[in-house]
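Below are the chains, spelled out letter by letter.
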Amino acid sequence: YPASLTKIMTALLTLEAVDSGQLSMDQPITVTESALEGLAADGSTAGIRAGEVLTVEQLLYCLLLPSANEAAQILAEAVDGDQAAFVEHMNQRAKELGCQGTHFVNVHGFHDPNHYTTAYDIALMMQAAMEHELFQTIITSPNYVIPATNLSEERTVRNTNALTSNWTYTGYLYRRGTGGKTGSTDEAGKCLVETAKDGDTYLISVILGSGPVTDANGEERQGQFYETIRLLDWGFDNFRRVTLAPEGTLVAKVKVNLSTQADEVNVKPQGEVTRTLPKDVDLDRVEMVPRLFSESVDAPVEAGQVLGTMVLSYEGTEYGTLDLVADTSVERSQLLYYKSQVEHFFRTPG
């Protein structure tokens, strides 16, 4: 059960609605009575009231920092007209992201036995959300001041993630952290997805169903924060970004027909494959297997023309595929071309 990690998807769909021009960040949203229905009295909130007017951007801060449940329902109505349509949208988007173990029934994460996900699926959602600059800005903000509205004085909403803010718990600030999202219900336990960066290594950690843990000194710690730090530190200590195939390496030759300029052309991979792999990977054991479309090609050949692909693998696991392209151009001989056409004519049954 994801609890309020659900709101990552709610935020993602809202940000994509802004990208498409359906909404704008400064667009005022008037809160309806229906957007506040069904909310638990003890749920997380930003104190938003029916009839109050806030912008889409302000509602996103309310959604992601204090994890306001009403903000999720308000944004759902703004994007898709009603919550049921938005939930359908959430499930469709999850499938598009490659999530295979996720099913949503609400927009905020209230417990429901049919509302579930996996750690991997949450990581996919987080990766997509982190492509949006505003999402990154919000989740790395310890707090945010909402100006006075038509129904409220100025108020400050605060980040519930102790890796970013000391508001809820102290002693967990994480220097490599680049923001995350908390969630908790009795059934879900304490949950946290966190992103972190060190050099060119970027990691996403997901902790679900956590509770109190005891550290090496015998002290009780908040498991969702403590274990996230341990997991990310382990990731940085044991993994690194590796470029498996430097661009430009000549890997094969293709025979060239119908040319007097050259009878073959070198092919090389275009681009490079970079992956996060264990630090003890032996790069000399990376396999680069060329797969040519054909052993020969008719001229003319243009430099950069795709003539095959190259699969990169390590210990049986494929890590990427690159196009194999011609290293140089080869001109066609018109004489050889016409000769070939004549020969083809006489070989073809009439």
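Read on for an overview of the structure. Please read these numbers as outputs of a predicted model, since none were measured by experiment.

Conventions we followed
- Residues numbered from 1 in each chain as written.
- Predicted model: local features only at pLDDT ≥ 70, side-chain atom pairs only at ≥ 80, totals over all residues.
- Heavy atoms only, no water.
- Helix = DSSP H or I, 4+ residues; strand = E, 2+ residues; numbered from the N terminus.
- Buried < 20%, exposed > 50% of the residue type's maximum accessible area, 1.4 Å probe, protein only.
- Contact = heavy atoms within 4.5 Å.
- Areas by Shrake-Rupley, 256 points an atom, 1.4 Å probe, with all protein chains shown as cover.
- Lys, Arg positive; Asp, Glu negative; His and termini not counted.
- Charge placed at Lys NZ, Arg CZ, Asp CG, Glu CD.
- Salt bridge = Lys/Arg side-chain N within 4 Å of Asp/Glu carboxyl O.
- Polar contact = N/O pair within 3.5 Å; in protein donor to acceptor, adjacent residues only side chain to side chain.

## Here's the deal with the overall build of the protein
Here's step 1: The secondary structure content of the protein amounts to eight helices and 17 strands.
Here's step 2: With respect to the three principal axes, the spread of C-alpha positions in the protein is 85 × 55 × 35 Å.
Here's step 3: Taken over 350 residues, the protein has a buried fraction of 45%.
Here's step 4: Sequence separation of at least 24 residues holds for 61% of the intrachain contacts in the protein that already meet a minimum separation of 6.
Here's step 5: With the model as given, the accessible surface of the protein reaches about 17,500 Å², and the carbon-plus-sulfur share is 47%.
Here's step 6: Distance between charge centroids for the protein: 6 Å, based on 25 positive and 48 negative side chains.

## With respect to the side chain of E194
Here's step 1: The topology assignment puts E194 in strand β6 (residues 189-198).
Here's step 2: No salt bridge forms around the buried E194; measuring N to O, its nearest opposite-charge neighbour R176 is 10 Å away.
Here's step 3: Side-chain polar atoms of E194 contact the side chain of N161, separated by 2.9 Å.
Here's step 4: There is a polar contact of 3.4 Å between the side chain of E194 and the backbone nitrogen of G179.

## Considerations on the environment of Y169
Here's step 1: Topologically, Y169 is positioned in the loop between β4 (155-158) and β5 (177-185).
Here's step 2: By relative accessible area, which is 31% here, Y169 ends up partly exposed.
Here's step 3: Between the C-alpha atom of Y169 and that of F225, which follows or precedes it by 56 residues, the distance is 9.4 Å.
Here's step 4: Setting aside residues no more than four positions away along its own chain, Y169 makes contact with A162, K190, Q222 and F225.

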